[in-house]
Amino acid sequence: MATLRAASRLVAILGPTNTGKTHLAIERMLDHRSGMIGFPLRLLARENYDRVVKLKGARAVALITGEEKILPPNPSYFVCTVESMPLDRPVEFLAVDEIQLCADRERGHVFTARLLHARGLQETMFLGADTIRPLMRRLVPDAQHVSRPRFSTLSYTGHKKITRLPPRSVVVAFSIADVFSLAEIVRRQRGGTAVVLGALSPRARNAQVGMFQAGEVDYLVATDAIGMGLNMELNHVAFARLAKFDGRGLRRLSAAEIGQIAGRAGRYMNDGTFGTTADERPLEAEIVSAVEDHKFEPLTRIQWRNSALRFRSLGDLLNSLDEPPPTHGLIQTRDADDHQVLRALSRNDEVKALAVNPAAVRLLWEVCQIPDFRKMMSDSHARFLAQCFLHLAGPHERLPTPWIARQIAQLDRVDGDIDTLMARIAHIRTWTYITHRPDWVDNSTEWQERARGIEDRLSDALHETITQRFVDRRSAFLVRRLAGDDELLASINKNGEVLVEGSYVGRLDGFRFIPDASDADESRMLATAANRVLRSDIAARARQLAAEPDDAFGLDPVGNLTWRGGLVGRLTAGDGPLAPRVEVVAGDFLEGASRQHVRRRLQAFVKSEVERRLRPLFVLRDLPITGVARGLAFQLVDALGCLPSHAAAAQLRALDRDSRRTLARAGVRFGAESLYVDPLLGPEPTRFRGLLWAVRHGRPMPPLPGMRALGKALAVDPALPPSFYAALGRRVVGGLALRPDRLERLAAAARQRSRGGPFAADAELAATAGISETDLRPVLTGLGYRRLARDGRELFVARPRRVDRAPPRETRRAAPEGHPFAKLKELKFA
């Protein structure tokens, strides 16, 4: 992909924020048969991946970031972070977003490498700010340049106090301490604020932005992390600080940086405003003019690093990284994180002892690229990477599983303050990156899931902690009322909706309180508030349920018990398949005797329902029969109505005629292949027996076809045990689960045909069991028929019953008189 074909088109789409550049690039990519687009942030890549999936389907789209990979077998489109773009994959279209980041001190060299070398086979597109246009004209002279005007206007409104900021405003600062102090002021004076920091994980950041977007808070306090990749309904950007620490010292923002952040206000056709607040002075007229007119000083140089690295030795790699830029306008990147840690590890004697061949040097460089999301590049990170390399370059060439387990287990905690949670998230994100290397980690998929789960839990805890600290909404009012002794004003309407102090807080479903779904963060607090008013109502409902007739209850296909439409219980395993127990589903409000009354009434309903739906089994169980017939009846009942004939062969031989008639009148059918209860063959009893099996085995109810399809043969799912199909009243033969009556018809027809010699498996024979000719062949084999090939036709013949092998001579000689083997004493076998 490094060489541009003659027919390839290279376009630079440059302009201010809110010009639809990304939207255009996605459209252009999807016009091609294949494409790849690189974004500066993981959350931007994920957001646009979801967007492309909706348009093209998940099988056509791959997501590749340092911490997340979704790779279908043959994707047409790749949505990536810029660092993770798989440039060895040729695609028709290639795009890079925010190309002005070529000037970024930390990551600029990666963007520059894409600018100079990454190309699509037919079209390449670079998106970004106009500031890079002059440099791009010189470095990439064959690029066509297209300007995009901003959809809305951006106006300066001067300095405002925080108390006078309009709703839908963001307050911008550049240190965590400043952000937290400003958020505290907004909380006290405006009721609450969301908080966005670069150190937040994408999940926590999205949760805070989601709270703002949903209107739960009208203000946002953020660092310059909002300047890229967060599209929000912002009306105003207020700068509380205009100086930031850039790794070397404090410096004031350039006009272009102010414009990038201020441009978040006024999305699409809505105009936006910007200004200053708190202790920051008003902006200079020149900066205001530049931001409003989107005219900034052009970039004069961008970051560059040699991409043709040499791995013959550690020293050769360091020298190749230090090679000077080949042309004017490129400045060598010397303090990239991976380069710094490589220098540190090159002084480690153990590392040097192993990095003695090209493969080991290349491995060391890959290890150095493991990110430090804390952005501290401390000695501890270098020591950690040294450990990783020593393990990977050692005899096992893997990171030891126990070591990984210990490292990750230390991070699986959600206690602590905001700083502690952010530090843990940074650590686990590093592990998420590592676990996406299956050549480094055994069972990498499992470790990826575990690391992602820990990150999600930490992110959720961080979001909750930030929200509790900086948001004062309905929860604060309810918490204050709950802390007092005053009676809460509450009511429950006929639809089960619960109102506390005039606010809707949730609803009653059976005996459970379901908090308002739009206030998921307040679930526990809302339940506490509802507790004050629900206990007496729940007790009354329990008394009402205990007195209800059976028709007030329901049992759904997956074993849930309902009462007047609300969930009140579920089936669990009991003493036998026909005696499931009831587990009451209720919150903490249903207690003691009330819960027992509910359980007993539900248990009585379930007993009645099982007897109603499977009445033929209970009739069979209660027949006035004894001896062999009684044992056979209990066998059938325990098997839920169907047995293979060979499983009861001894009882059937011993069954007298009168007992056989009695069982037949109760619906029992005696077949050559099966013994079954005929009234239970319908779809409703079949489905219900499947549910009882699932309850008995503690498994979810396996999916079954609709009522009409349930009467036909079922393809056997190898993931399900044979006992499931036996519980349905089906016989498994040749990979199909057949109704026993149809199996009997097929077996009888096959026996009739076999008397005339070899026979064909034709449609007429298949129709006796309601199956296809293709399915018939394995079924006949399962019934004991042997396949023959004659004159190009496939025929079936009954297997002859014969003695294939005589018992040992010692066994025959020792057989007592009257034993079947005694008749074989004088026989000679070949």
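Residues numbered from 1 in each chain as written. Predicted model: local features only at pLDDT ≥ 70, side-chain atom pairs only at ≥ 80, totals over all residues. Heavy atoms only, no water.

## Focus on unusual backbone geometry
Inclusion rule: The numbering of helices and of strands both runs from the N terminus, where a helix is a DSSP run of H or I of at least 4 residues and a strand a run of E of at least 2.
Phi is positive for Arg168, which is not a glycine, with a value near 65 degrees. Positionally, Arg168 belongs in the loop between strand E9 (154-160) and strand E10 (169-172). In the Ramachandran plot, His294 falls in the positive-phi region, its phi being about 55 degrees despite a non-glycine side chain. Take His294: it is sitting in the loop between helix H8 (285-293) and strand E17 (302-304).

## Points about the nonpolar core
Spelled out, the test is: Among buried residues, those of type Ala, Val, Leu, Ile, Met, Phe, Trp, Tyr and Cys that are joined through side-chain atoms within 4.5 Å constitute a nonpolar core. Each residue gets one of three labels from its accessible area relative to the maximum for its type: buried under 20%, exposed over 50%, partly exposed in between, using a 1.4 Å probe on protein chains only. We call two residues contacting when some pair of their heavy atoms lies within 4.5 Å.
The biggest cluster of nonpolar side chains holds 65 residues, and the ones touching the most others in it are Phe511, Leu561, Leu578, Leu620 and Leu663. Sorting elements by how many residues they give to this core places helix H24 (residues 683-696) first, with 6 residues. Excluding its chain neighbours within four sequence positions, the residues that come into contact with Leu578 are Val610, Leu614, Leu617, Phe618, Val637, Leu640 and Leu692. One finds Ala183, Leu345, Ile408 and Leu411 within the second-largest nonpolar core, a separate group that totals 64 residues.

## Focus on the packing of helix H12 (residues 358-368) against helix H13 (residues 379-392)
This is how the line gets drawn: Every axis corresponds to a line fitted to the C-alpha atoms, with the helix fit spanning only the stretch in contact, and the corresponding angles, defined between N-to-C directions, vary from 0 to 180 degrees. By convention the crossing between two helices is left-handed if the near helix lies anticlockwise of the far one by an angle smaller than a right angle, and right-handed if it lies clockwise. Amino acids outside the nonpolar list (Ala, Val, Leu, Ile, Met, Phe, Trp, Tyr, Cys, Pro) and the charged list (Asp, Glu, Lys, Arg) are all regarded as polar, and Gly is one of them.
Interaxial distance between H12 and H13 falls to 10 Å at its minimum, and their mutual angle equals 145 degrees. When the axes of H12 and H13 are compared, the crossing they make is right-handed. Across the interface between the two elements, Ala360, Leu363, Leu364, Val367 and Cys368 from H12 touch Leu385, Cys388, Phe389 and Leu392 from H13. Here the contact of H12 with H13 is built from residues that sort into 9 nonpolar, no polar and no charged.

## Side note on the sheet that holds strand E35 (residues 793-798)
Test applied: Any two strands with at least two DSSP bridges between them are considered paired.
Spatially, 3 strands are ordered E33-E35-E34 in an open sheet, and the strand pairing comes out antiparallel. Both outer strands of the open sheet, strand E33 (759-760) and strand E34 (785-790), are each paired with one neighbouring strand and no more. Relative to E35, E33 runs antiparallel, the two being bridged by 2 bridges. Counterpart to Phe759 in the pairing with E35 is Phe796. Helix H29 (residues 773-782) rests against E33, E34 and E35 of the sheet, and its axis sits at about 125 degrees to E34.

## Some words on helix H6 (residues 202-213)
Our working definition: To estimate how far a helix should extend, the number of its residues minus one is multiplied by 1.5 Å.
The terminal C-alpha atoms of H6 lie 16 Å apart, and with 12 residues this matches the ideal 16 Å at 1.5 Å per residue to within 8%. Considered for burial, the residues of H6 that qualify are Pro202, Ala204, Arg205, Gln208, Val209, Met211 and Phe212. Elements that come into contact with the buried residues of H6 comprise helix H2 (42-56), E10, strand E11 (194-196), strand E12 (219-222), helix H15 (418-435) and helix H16 (444-470).

## Digging into the sheet that holds strand E27 (residues 642-644)
Strand order in the open sheet made by the 3 strands is E27-E29-E28, with antiparallel pairing throughout. Looking at the sheet topology across the chains shown, the edges are occupied by E27 and strand E28 (668-670). Averaged over all pairs of adjacent strands, the angle between strand axes in this sheet comes to 10 degrees, irrespective of strand direction. With 3 bridges connecting them, E28 and strand E29 (residues 674-677) associate as antiparallel partners. Within the sheet, the bridge partner assigned to Phe670 lies in E29 and is Leu675.

## A word on the packing of helix H10 (residues 337-345) against H12
Note the following rule: The scheme is simple: roughly parallel for angles under 35 degrees, roughly antiparallel for over 145, roughly perpendicular for 65 to 115, oblique for anything else.
Following both chains from N to C, one finds H10 and H12 inclined at 125 degrees, their axes separated by 9 Å at the closest point. What the angle tells us is that H10 and H12 run oblique. For H10 against H12, the interelement crossing comes out right-handed. Residues Asp338, His339, Val341, Leu342 and Leu345 of H10 touch H12, and the partners they reach there are Leu364, Trp365 and Cys368. Residues belonging to the contact of H10 with H12 are distributed by class as follows: 6 nonpolar, 1 polar and 1 charged.

## Some points on the pairing of strand E3 (residues 61-64)
Covered by surrounding structure in E3 are Val61 and Leu63 together with Ala62 and Ile64, the residues of both alternating faces. Pairing of E3 with strand E5 (residues 77-81) involves 4 bridges; the strand directions are parallel. Opposite Val61, over in E5, you have Tyr77 as the bridge partner. With 2 bridges joining them, E3 and strand E4 (residues 69-70) adopt antiparallel strand pairing.

## Re the confidence of the model for the protein
Rule in force here: pLDDT expresses, on a scale from 0 to 100, how confident the predictor is about each individual residue.
Mean pLDDT over the protein stands at 86; residues scoring 70 or higher make up 90%. Note that residues 1-6 has pLDDT below 50 and, in this model, 14 contacts with residues that lie over four places away or in other chains. This model gives residues 802-806 a pLDDT under 50, and the stretch forms 2 contacts once residues within four places in sequence are excluded.

## A word on the packing of aromatic side chains
Threshold: In this scheme Phe, Tyr and Trp rings, the latter by its six-membered ring, pair at centre separations within 6.5 Å, and the angle between planes marks the pair as stacked below 30 degrees, edge-to-face above 60, and tilted otherwise. A positively charged side chain is recorded as over a ring if its NZ (Lys) or CZ (Arg) lies within 6 Å of the ring centre. The angle to the ring normal must also be within 35 degrees.
Within the structure shown, the criterion is met by 11 aromatic pairs. Each ring, one from Trp693 and one from Phe724, has its centre 5.0 Å from the other, and the planes form 65 degrees; the classification is edge-to-face. Of this pair, Trp693 sits in helix H24 while Phe724 is found in helix H26 (residues 722-727), placing the two residues 31 residues apart along the sequence. Here the two residues Trp693 and Phe724 agree in accessibility, since each one is buried. Look at Phe759 and Tyr785: their rings are 5.5 Å apart centre to centre, the planes differ by 85 degrees, and that puts the pair in the edge-to-face class. Separated by 26 residues along the polypeptide, Phe759 in strand E33 and Tyr785 in strand E34 bring together distant segments of the chain. By relative accessible area, which is 5% here, Phe759 ends up buried. The class for Tyr785 is buried, based on a relative accessible area of 7%. Members of the aromatic cluster, connected to one another through ring pairs, are Phe384, Trp403 and Trp431. Directly above the aromatic system of Phe373 lies the positively charged group of Arg429, at a separation of 4.2 Å from the ring centroid. Directly above the aromatic system of Phe670 lies the positively charged group of Arg660, at a separation of 4.6 Å from the ring centroid.

## Quick notes on the environment of Ala760
By the secondary structure assignment, Ala760 is in strand E33. In this structure Ala760 comes out as partly exposed when scored by relative accessible area, which is 22%. C-alpha of Ala760 to C-alpha of Phe796: the two residues are 36 residues apart in sequence and 6.2 Å apart in space. For Ala760, the residues in contact, after removing those within four places along its chain, are Arg753, Leu765, Arg793, Glu794 and Leu795.

## Re the side chain of Glu67
Among the secondary structure elements, Glu67 is positioned in the loop between E3 and E4. Relative accessible area serves as the criterion here: at 5%, Glu67 is assigned to the buried category. Excluding residues within four positions of it along the chain, Glu67 makes contact with Arg42, Phe373, Arg429, Thr432, Tyr433, His436, Arg452 and Glu455.

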